[in-house]
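Structural overview
One-letter residues, chain by chain:
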Amino acid sequence: MASHSHLEATVPQRLRILLISSEAEPFAKTGGLADVAGAVPKALAGLGHDVRVLMPKYRGVERHAGSLTPIIPRLQVPIADRTAEGAWLEGRMGAGIPIYFLAQDQYYDRDALYGTAEGDYWDNCERFIFFCRAAVEGLRQLGWTPHVIHANDWQTGLVPVYLETLYRDDPALAKIATLFTVHNLAYQGVFWHYDMPMTGLGWDLFTPAGIEYYGKLNFLKGGLIFADLLTTVSRTYAREIQTPEFGCGLEGVLQERSQALHGVVNGIDYEVWNPASDPAIPKGYTADDLQGKRACKLALQEELGLAREPAPLLGMVTRLVEQKGLPLVLEALPGLLAGGVQLALLGSGEPALEQAFAAAAATHAGRVAVSFGYDAALARRIYAGADCFLMPSRYEPCGLGQLISLRYGTIPLVRWTGGLADTVKEFDPAKQAGTGFGFAPFSHEALLDCCRRALAVFRQPRLWQRLVRNALAEDFSWEASAREYVSLYRKAVKAAAP
Ligand code: ADP
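Residues numbered from 1 in each chain as written. Predicted model: local features only at pLDDT ≥ 70, side-chain atom pairs only at ≥ 80, totals over all residues. Heavy atoms only, no water.

If you tally the helices and strands in the protein, you get 19 helices and 20 strands. Here the C-alpha radius of gyration of the protein, 24 Å, is about what a compact globule of 498 residues would show, namely 23 Å. Summarising its shape, the C-alpha atoms of the protein cover approximately 70 × 50 × 45 Å along the three principal directions. For the protein, the proportion of its 498 residues judged to be buried stands at 58%. A separation threshold of at least 6 residues defines the contact pool for the protein, and within that pool the share at least 24 residues apart is 71%. Approximately 20500 Å² of the protein is accessible, and the part contributed by carbon and sulfur atoms is 52%. With 47 positive and 53 negative side-chain charges, the protein shows a separation of 6 Å between the mean positions of the two kinds. (Helix = DSSP H or I, 4+ residues; strand = E, 2+ residues; numbered from the N terminus. Rg over C-alpha atoms; globule rule 2.2 N^0.38 Å. Buried < 20%, exposed > 50% of the residue type's maximum accessible area, 1.4 Å probe, protein only. Contact = heavy atoms within 4.5 Å. Areas by Shrake-Rupley, 256 points an atom, 1.4 Å probe, with all protein chains shown as cover. Lys, Arg positive; Asp, Glu negative; His and termini not counted. Charge placed at Lys NZ, Arg CZ, Asp CG, Glu CD.)

As structure tokens, then:
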């Protein structure tokens, strides 16, 4: 029998890691998953690991991938009672990292990733069953076997299921460990039970202890039950999703797997987000010379038609959805304006919220400025020009806005939930420690109270400058998070060892 120390010795220094994701920057993106899947491999490679990525070959990925080499030109994948043919094509992402694109034009050569304004594609279940099964089938032929597969979100949820069931006895795959990351529990990949035979999995798995969920098939649940280790994108969110309030119906499953569930906070790319060299902002700045930040604020006020006065300027860059706490901002607005603040909001999303903010801007011209649509350059000018960045989210798995604002010396005002609670620290004027301000109850009174505390410090310029320097001194680059993933990969490899 192998001793513990012997097992440890079997985990090599340099890990072979396959990250599987349905999207990755710069190839295809609908949300934060793409940022993570684009950045984590680079950070892992930087730590010396042999990391590779697998994603679908959507229309247009060649634009960023250059020429692609067919590495498995014809891959037969069982689906329902037939087989569908696909191919693995190899390209490179930044830093020379190999990326495999799963080509199957009927499934993936489309205008969008998951659907159009009319709704999701009708065959998403089939498209991502194929993705998961072709991942496993491809690994039998690739000639490179990872120590660990890092799968992400519902689109990859069946990968751990296949490895633990249909392919359990395959000697080429038997030792592969799996780590499954949930980026937002609200998206689960739920399909009607008639799709179950397409998976090739036995009906014995279609139970509450398996991948059945209130009579339907649930991909995410498959990943949660069958992966060796689970992560989500902050420690607080990892705790929250084990409760009915945040668990989206899967809290029971997550409680059962609580020992395997970890929180690893996302980072941001410190080269992409850098106030010293950002070409989109009018003047660069650093912690040692904040002159440029003042220029950015004046330019932003000018650009958005806000009064050029020394009022504290609150910024928001956000999807306009209830999750982001926008109703609280509307309710708190009269109180905020009475306190003398200005608000600059950039957002896109629900028409009702757009209308409400447009009306507020019309009523309070010169004090409230709103811009609708997705505008990456204006977003940067807000991150740089605002004094504070507002994120009163109802829930927030990790959140990137507060990390970017810290990087730009813009003080986050947040609700204490998920990643916001893990990355922002309440400023203590006596100790001059902390990086922002927060509140817990989901109410506009609590939000107002939080803003009042911020304003009290804002009125003391030297104290405020100290706070800004504290924010600028934080480090949420990817390296620390990548190290945490590596130690979890090692743990998963040990757990999966026969
Ligand atoms: P979520 O992924 O839930 O929308 P995050 O805070 O994790 O929230 O990430 C949002 C990212 O998208 C941030 O980088 C933010 O700057 C950016 N963003 C959101 N809305 C807009 C917009 N309208 N224009 C430009 N960038 C936006």
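Applying the stated criterion across every chain yields a total of 25 salt bridges. E62 serves as the salt-bridge partner of K57, at 3.3 Å between the closest nitrogen and oxygen. Residue classification places K57 among the buried positions, given a relative accessible area of 14%. Linking R82 and E126 is a salt bridge whose minimum nitrogen-to-oxygen distance equals 2.8 Å. Of the two residues, R82 is situated in strand β4 (residues 82–93) and E126 in helix α5 (residues 124–139); the sequence distance between them amounts to 44 residues. When its relative accessible area of 14% is taken as the criterion, E126 is described as buried. Within this structure, E25, K29 and D35 form a network of salt bridges that share partners. (Salt bridge = Lys/Arg side-chain N within 4 Å of Asp/Glu carboxyl O.)

This brings us to the confidence of the model for the protein. Averaged over every residue, the pLDDT of the protein is 95; residues scoring 70 or more account for 98%. In the predicted structure, residues 5–9 sits below a pLDDT of 50 and forms 3 contacts with residues beyond four places in sequence or in another chain. (pLDDT = per-residue confidence, 0-100.)

All right, on to the site of the ligand then. Taken together, 18 residues form the shell around the ligand, and within it R319, K324, G373, Y383 and L400 come nearest. In this structure, K324 approaches the ligand through a side-chain N or O atom, which is 2.8 Å from an oxygen atom. G373 is positioned such that a nitrogen or oxygen atom in its backbone is 2.9 Å from a nitrogen atom of the ligand. Relative to its unbound accessible surface of 560 Å², the ligand loses 84% to contact with the protein. At the level of elements, β15 (313–320), β16 (342–349), α14 (376–385) and α15 (401–407) are the ones that each hand at least two residues to the shell around the ligand. (Near = heavy atom within 4 Å. Polar contact = N/O pair within 3.5 Å; in protein donor to acceptor, adjacent residues only side chain to side chain.)

It is worth spelling out the layout of surface pockets at this point. Empty space within the second largest pocket amounts to approximately 420 Å³. What lines the second largest pocket is a set of 16 residues, among which R294, K297, D387, F458 and W464 lie closest to the centre. Going through the elements one at a time, α11 (291–304) and α18 (461–473) are the ones with two or more residues in the lining of the second largest pocket. The element best represented in the lining of the second largest pocket is α11, accounting for 5 residues. Within the lining of the second largest pocket, the residues separate by chemical class into 8 nonpolar, 4 polar and 4 charged. (1 Å grid on protein atoms, 1.4 Å probe; cavity = no way out; pocket = protein on both sides within 12 Å on 5 of 7 lines; lining within 4 Å. Points joined across faces, edges and corners; volume = space filled by probe spheres on them. Nonpolar A, V, L, I, M, F, W, Y, C, P; charged D, E, K, R; others polar.)

With that settled, consider the packing of helix α12 (residues 326–338) against helix α17 (residues 444–458). Here α12 crosses α17 at 50°, and the two axes come no closer than 9 Å. Classified by the interaxial angle, the pair formed by α12 and α17 is oblique. In terms of crossing hand, the pair formed by α12 and α17 is right-handed. For the pair α12 and α17, the contacting residues are L328, V329, E331, A332, G335 and L336 in the first and H444, L447, L448 and C451 in the second. Counted by class, the contact of α12 with α17 contains 7 nonpolar, 2 polar and 1 charged residues. (Axes fitted to C-alpha atoms, helices over the stretch in contact; angles between N-to-C directions. Parallel < 35°, antiparallel > 145°, perpendicular 65-115°, else oblique. Left-handed = near helix turned anticlockwise from the far one by under 90°.)

Sheet architecture is open: 6 strands sit in the order β17-β16-β15-β18-β19-β20, paired in parallel fashion. Of all the strands in the sheet, the pair left with one neighbour each is β17 (368–372) and β20 (437–439). Averaged over all adjacent pairs, the angle separating strand axes in this sheet is 20°, with direction ignored. Across 5 bridges, the pairing between β16 and β17 is parallel. Note on β17: the bridge partner recorded for G347 is F372. In the packing of α14 onto the sheet, the strands contacted are β15, β16, β17 and β18 (388–391), and the crossing angle to β15 comes to about 145°. (Pairing = 2+ DSSP bridges.)

On to the side chain of E251. Along the polypeptide, E251 turns up in helix α10 (residues 251–256). Although E251 lies buried, it forms no salt bridge, and the closest oppositely charged side chain, K221, sits 11 Å away as judged by the N-O distance. Among the polar contacts made by the side chain of E251, one reaches the main-chain amide nitrogen of G249 at a distance of 3.1 Å. Discounting residues that sit within four places of it in the chain, E251 has contacts with I241, Q242, T243 and P244.

Let us look at the sheet that holds strand β3 (residues 69–79). Spatially, 9 strands are ordered β3-β4-β5-β2-β1-β8-β9-β13-β14 in an open sheet, and the strand pairing comes out mixed. Edge strands, defined here as strands with exactly one partner in the open sheet, are β3 and β14 (261–263). Between one strand and the next, the sheet's axes are offset by a mean angle of 25°, whatever the strand orientation. Judged from the 3 bridges that link them, strand β13 (residues 229–232) and β14 form a sheet pairing that is parallel. Counterpart to L230 in the pairing with β14 is L261.

Our next topic: the state of the cysteines. The final tally for this structure, using the stated rule, is 0 disulfides. Here C132 stays unpaired: no disulfide links it, and the sulfur of C125, its closest cysteine neighbor, is 9.8 Å away. Unpaired in this structure, C398 has its nearest cysteine sulfur neighbour in C248, at a distance of 17 Å. (Disulfide = S-S within 2.5 Å.)

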